[in-house]
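What the coordinates show
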Amino acid sequence: LQETQWTERDFRGKRLLDLGCGHGVHTQLFAEMGAEVVGFDISEGFYSTAENVPRAFKDHVYFVQGDIFHFPFKDNGFDLVWSEGVLHHTPDTRRAFDQAFPAVKSQGRLYVALYNVNGPNNKTVKRLRKITTRLPEGVLIALCWMMAPIFFLLKRILNVLKAGPRHFERRSLRENAVLLHDT
């Protein structure tokens, strides 16, 4: 929310497409903020999350497995479209964007974030993913929650020392666990 300058109020009563939702962690968070959310992904990663969505949000969260190049949604169908760390993984990033953009209503909002493939952490992340992508989802979530306080503390230290490539925003332990899970 800090990065986009959106507030929870921006989600209430809105229809949101979580494009490339992966395991659906953000999909559920958007529903908790009051949006009706469709999580869309080519993988089957969201199935375990879909089964565990709290009853209070079941009527506000939908998951669709599909391919962005065979996009099943009508134009102008969503108030918000969120795609974080996804489009650059497709064979044609521009074409993927062109498929998704019409789904946003004319007065809607689109958020797209792409990874910096030349970023300093990319090699480390690739090595870690060779292990974490093979873990059962429950183990991965527990690991992310265990690492969240360490991640939080490390970012605080880097901020105090003004070290590292950037200033790290303050995030809750839950937000850090979600970020670790996404990574």
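Quick note: structure is the one above.
When you go through the protein chain residue by residue, the secondary structure sums to six helices and five strands. Along the protein chain, helices and strands appear, N-terminal first, in the series β-α-β-α-β-β-α-β-α-α-α. Against the globule reference of 16 Å for 183 residues, the protein chain gives a C-alpha radius of gyration of 17 Å, in line with a compact fold. Seen through its principal axes, the protein chain has C-alpha atoms that stretch 50 × 40 × 35 Å.

This brings us to the nonpolar core. In terms of nonpolar packing, the biggest core is built from 17 residues, with Trp 6, Phe 11, Leu 16, Phe 30, Val 37, Phe 63 and Trp 82 touching the most fellow members. Each residue touching Phe 63, except ones within four places of it in the same chain, is listed here: Cys 21, Gly 24, Thr 27, Gly 39, Phe 46, Thr 49, Ala 50 and Val 53.

Our focus in this paragraph is the pattern of salt bridges. Using the criterion set out here, one finds three salt bridges in the structure. Put simply, Arg 109 and Asp 10 hold a salt bridge, and the shortest N to O gap is 3.5 Å. Of this pair, Arg 109 sits in strand β5 (residues 104–113) while Asp 10 is found in the segment before β1 (15–19), placing the two residues 99 residues apart along the sequence. Of the residues examined, Arg 109 reaches a relative accessible area of 35% and is grouped as partly exposed. A salt bridge links Lys 105 to Asp 79; the nearest nitrogen and oxygen atoms lie 3.3 Å apart. Taken together, the residues span a long stretch of sequence, with Lys 105 in strand β5 and Asp 79 in strand β4 (residues 78–84) at a distance of 26 residues.

Our next topic: the packing of aromatic side chains. A complete count under the given rule lists eleven aromatic pairs for this structure. Centroid distance Trp 6 to Trp 82: 5.9 Å. Interplanar angle 65°. Geometry classified as edge-to-face. Residue Trp 6 is located in the segment before β1, and its partner Trp 82 is located in strand β4; the two are separated by 76 residues in the primary sequence. Relative accessible area serves as the criterion here: at 10%, Trp 6 is assigned to the buried category. Between Phe 30 and Trp 82 the ring centres are 5.1 Å apart and the planes differ by 65°, which places this aromatic pair in the edge-to-face class. Separated by 52 residues along the polypeptide, Phe 30 in helix α1 (residues 25–32) and Trp 82 in strand β4 bring together distant segments of the chain. Classification of Phe 30 by relative accessible area gives buried; the value is 4%. Ring pairing ties together the aromatic residues Trp 6, Phe 11, Phe 30, Trp 82 and Tyr 111, which thus form one cluster.

Rules used in this analysis
Residues numbered from 1 in each chain as written. Predicted model: local features only at pLDDT ≥ 70, side-chain atom pairs only at ≥ 80, totals over all residues. Heavy atoms only, no water. Helix = DSSP H or I, 4+ residues; strand = E, 2+ residues; numbered from the N terminus. Rg over C-alpha atoms; globule rule 2.2 N^0.38 Å. Core = buried A, V, L, I, M, F, W, Y, C linked by side-chain atoms within 4.5 Å. Buried < 20%, exposed > 50% of the residue type's maximum accessible area, 1.4 Å probe, protein only. Contact = heavy atoms within 4.5 Å. Salt bridge = Lys/Arg side-chain N within 4 Å of Asp/Glu carboxyl O. Phe/Tyr/Trp six-rings, centres within 6.5 Å; stacked < 30°, edge-to-face > 60°.

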